[in-house]
Amino acid sequence: MNDFTPLSSFAGGTLIGIAAALLLVANGRIAGISGIVGGLLRRPSADTPWRALFVAGLLAGGLVVHLMRPAAIGPSAVGYPLLVVAGLLVGFGTQLGSGCTSGHGVCGIGRLSPRSMVATVTFMLAGAVTTYVLRHLLGGGS
Amino acid sequence: MRGLVAFVSGLLFALGLGIGGMTQPSKVLAFLDVAGDWDPSLAFVMGGALLVYFLVGRVPLARPRPLFDEAFHVPTRRDIDTRLVLGSVLFGAGWGLAGYCPGPALVSLASGRATVVVFVAAMLAGMWLFQRWNARALPSARLRPVTAASLVALSVLAAAQSGGGAQAGVVREQMLVDAGWLTSRLDRPGLVVLHVGKSREAYDRAHVPGARYAALGVAPDDVVVAYCRTGVQASYTYFVLAYLGYDVRLCDG
């Protein structure tokens, strides 16, 4: 059973929007997490410093959240083998599809990019189907 | 300044994910589980983010450049290809399995839980595997045809320009110079070497000694040698300058 939290979720979303808009207006960059992290795995380039600092900010923000409200970072109910498979899929998939929830779901749709709309609908559907199979057909998960 | 902006943006992004509930895998899975005890909260995260970004995202249409950079670095592709759809299917499946997408997973590292560390390690490995696979798939598939196409286009245009004096498909020798030719003549007056690139940054990092950035101050009888990394942009410059009547060459190498 999960609490429905429209207000805090909307507030959090607004903050994400402000963060992404700041990066666009000031630096002219897309706040796509998978793109930024993926870029850090490639050979160092002129983009490496700002990408590293963005990820540093992300991790620092995580610490702030953890210290202020530890419960905000929830536990995972999934076993290790499944976590590894999920991680590999997320890593490979976001690079192949050029984006994730942030790059396609927020920045791309916010710019009315047809590619991002297709990508977002696709990964949302794939996510929903996976959860459905896992929870309702196989009866696993939480 | 750009670095500070990137850091602050990352920080705010993390706070937004934390406040919005994206760092609780159970909440993410409850959002994706439409057929179960559906929790639509995360649609409000996306709604809030989109509302702000949609309003501010119009800015690049109105302004020529961002505050702290020379140009906007925004994707321009509009085609829907297999990679986009297949990649999104794989990502969505992984998201539905564990309830983590890249941003919230990184933010959740702060909790120090072994589960999220394992997930992030696997995610980075997945990204790395893609790049390994992609690096092997790409060079022959993308780069060479581009170079080949620009050379064929060059020769066709050259043939047209000289009134059929050169055969299409054969690059005229006087169009190209090689690195040795260039090195031996670098200090000669009347020779202008042009760095043809999209960003000043690349020029600042490395350029041929004495090379100028963009077409500035070329005298009518100077010999101009244009170069860039792949030869594509330098080719455009070649034709603009040749059209304007300059003695221009491309550096081959």
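Because the structure is predicted, anything quoted here is derived from the model rather than measured.

### With respect to the overall build of chain B
(1) Moving on: Along its length, chain B carries 10 helices and five strands.
(2) Moving on: A buried classification covers 44% of the 253 residues belonging to chain B.
(3) Moving on: For chain B, the proportion of contacts with a sequence separation of at least 24, taken over those separated by at least 6, is 50%.

### Section: the nonpolar core
(1) Moving on: Counting 53 residues, the largest nonpolar core has Ile 33, Phe 54 and Leu 58 of chain A together with Phe 13, Tyr 53 and Phe 119 of chain B as its most contacted members.
(2) Moving on: Ranked by the residues each element gives to this core, the list is headed by helix α1 (residues 6–27) of chain A, at seven residues.
(3) Moving on: Residues within four places of Ile 33 of chain A in sequence aside, it is in contact with Phe 54, Leu 58, Cys 100 and Ser 102 of chain A together with Phe 13, Pro 102, Gly 103 and Leu 106 of chain B.
(4) Moving on: Among the nonpolar cores identified, the runner-up in size contains 11 residues, and Leu 194, Val 224, Ala 234 and Ala 242 of chain B belong to it.

### A word on the interface of chain B and chain A
(1) Moving on: Facing the 109 residues of chain B at the interface are 103 residues of chain A.
(2) Moving on: For the chain B face of the interface with chain A, the top three residues by lost area are Phe 13, Tyr 53 and Leu 97 of chain B, together amounting to 9%.
(3) Moving on: For the pair chain B and chain A, the number of links is 23 residue pairs in polar contact (both at pLDDT 80 or more).
(4) Moving on: Counting only elements with at least two residues in the side of chain B that touches chain A, the list comes to α1 (2–20), α2 (25–32), α3 (41–56), α4 (59–62), α5 (82–98), α6 (102–108), α7 (114–161) and α9 (200–205) of chain B.
(5) Moving on: The residue makeup of the side of chain B that touches chain A, split by class, is 68 nonpolar, 26 polar and 15 charged.

### Quick word on the confidence of the model for chain B
All names here are of chain B.
(1) Moving on: A residue-level look at chain B finds 68% of positions with pLDDT of 70 or above and a mean pLDDT of 79.
(2) Moving on: Per-element averaging of pLDDT across chain B places strand β3 (residues 212–213) at the bottom with 65 and α6 at the top with 97.
(3) Moving on: Here residues 139–145 is a poorly scored stretch, pLDDT under 50, and it has four contacts once near neighbours within four places are set aside; other chains count.
(4) Moving on: Scored below 50 in pLDDT, residues 163–171 shows 11 contacts in the model against residues more than four places distant or in partner chains.
(5) Moving on: Our summary of model confidence lists the complex with pTM equal to 0.71 and ipTM equal to 0.95.

### With respect to α2 of chain B
(1) Moving on: With seven of eight residues buried, α2 of chain B is to be regarded as a mostly interior element.
(2) Moving on: As for α2 of chain B, its buried residues are in contact with α1 and α6 (114–137) of chain A together with α3 and α5 of chain B.

### A look at unusual backbone geometry
Residue and element names in this part refer to chain A.
(1) Moving on: Positive phi values are uncommon outside glycine, yet Ser 98 reaches one of about 55°.
(2) Moving on: Considering the arrangement of structural elements, one finds Ser 98 in the loop between α4 (80–96) and α5 (101–110).
(3) Moving on: Judged by its relative accessible area of 48%, Ser 98 falls in the partly exposed class.
(4) Moving on: At Leu 112, a position not held by glycine, the phi torsion is positive, near 60°.
(5) Moving on: The residue Leu 112 is located in the loop between α5 and α6 in this model.
(6) Moving on: With relative accessibility at 41%, the residue Leu 112 sits in the partly exposed group.

### Here's the deal with the environment of Leu 11 of chain B
(1) Moving on: Structurally, Leu 11 of chain B can be placed in helix α1.
(2) Moving on: The exposure class assigned to Leu 11 of chain B is partly exposed, which follows from its relative accessible area of 25%.
(3) Moving on: Residue contacts for Leu 11 of chain B: discarding those within four places in its chain leaves Gly 57, Leu 58, Ala 60 and Gly 61 of chain A.

### Concerning α6 of chain A
Residue and element names in this part refer to chain A.
(1) Moving on: The end-to-end C-alpha distance of α6, which contains 24 residues, comes to 33 Å, matching closely the 34 Å that a straight helix rising 1.5 Å per residue would cover.
(2) Moving on: Of the residues making up α6, those classed as buried are Arg 115, Ser 116, Ala 119, Thr 120, Thr 122, Phe 123, Ala 126, Gly 127, Thr 130, Thr 131, Leu 134 and Arg 135.
(3) Moving on: Gly 139 sits one or two positions beyond α6 and adopts a positive phi of about 75°.

### Quick look at the environment of Gly 62 of chain A
(1) Moving on: As for its placement among the helices and strands, Gly 62 of chain A is situated in helix α3 (residues 48–68).
(2) Moving on: Expressed as a C-alpha distance, the spacing of Gly 62 of chain A and Gly 35 of chain A, which sit 27 residues apart in the sequence, is 19 Å.
(3) Moving on: Once residues within four sequence positions are removed from consideration, Gly 62 of chain A is found in contact with Ile 73 of chain A together with Ala 14, Val 107 and Ala 110 of chain B.

### Concerning the packing of aromatic side chains
(1) Moving on: Within this structure, the stated rule accounts for 10 aromatic pairs over all chains.
(2) Moving on: Taken together, a centroid distance of 6.0 Å and an interplanar angle of 20° make the contact between Phe 91 of chain B and Trp 95 of chain B stacked. Here Phe 91 of chain B and its partner Trp 95 of chain B are both found in helix α5, four residues apart, which amounts to about one turn of the helix.
(3) Moving on: In textbook terms, an aromatic cluster arises when at least three aromatic residues are bridged by ring pairs, as seen for Phe 92 of chain A together with Phe 130 and Trp 133 of chain B.

### Considerations on a nonpolar patch on the surface
(1) Moving on: A surface patch of nonpolar side chains, amounting to about 730 Å² of accessible area, comprises Phe 4, Phe 10, Leu 112 and Met 117 of chain A together with Phe 44, Leu 51, Phe 54 and Leu 55 of chain B.
(2) Moving on: The greatest single-element share of the nonpolar patch, amounting to four residues, is contributed by α3 of chain B.

### Details of the pattern of salt bridges
Side-chain pairing between opposite charges can occur once the charged atoms of the two side chains come close.
All names here are of chain B.
(1) Moving on: Taken as a whole and judged by the stated rule, the model has eight salt bridges over all chains.
(2) Moving on: Close ionic contact of Lys 27 with Asp 39 constitutes a salt bridge, the shortest N to O distance being 2.9 Å. With Lys 27 in helix α2 and Asp 39 in the loop between α2 and α3, this residue pair connects regions lying 12 residues apart in the sequence. Of the two residues examined, Lys 27 and Asp 39, each falls in the buried class.

What counts and how
- Residues numbered from 1 in each chain as written.
- Chains lettered and ligands numbered in written order.
- Predicted model: local features only at pLDDT ≥ 70, side-chain atom pairs only at ≥ 80, totals over all residues.
- Heavy atoms only, no water.
- Helix = DSSP H or I, 4+ residues; strand = E, 2+ residues; numbered from the N terminus.
- Buried < 20%, exposed > 50% of the residue type's maximum accessible area, 1.4 Å probe, protein only.
- Contact = heavy atoms within 4.5 Å.
- Core = buried A, V, L, I, M, F, W, Y, C linked by side-chain atoms within 4.5 Å.
- Buried area = accessible area lost by both parts, 1.4 Å probe.
- Polar contact = N/O pair within 3.5 Å; in protein donor to acceptor, adjacent residues only side chain to side chain.
- Nonpolar A, V, L, I, M, F, W, Y, C, P; charged D, E, K, R; others polar.
- pLDDT = per-residue confidence, 0-100.
- Expected span 1.5 Å × (residues − 1).
- Phe/Tyr/Trp six-rings, centres within 6.5 Å; stacked < 30°, edge-to-face > 60°.
- Patch = residues over 30% accessible without salt bridge, like charges linked within 9 Å, V, L, I, M, F, W, Y side chains within 5 Å.
- Areas by Shrake-Rupley, 256 points an atom, 1.4 Å probe, with all protein chains shown as cover.
- Salt bridge = Lys/Arg side-chain N within 4 Å of Asp/Glu carboxyl O.

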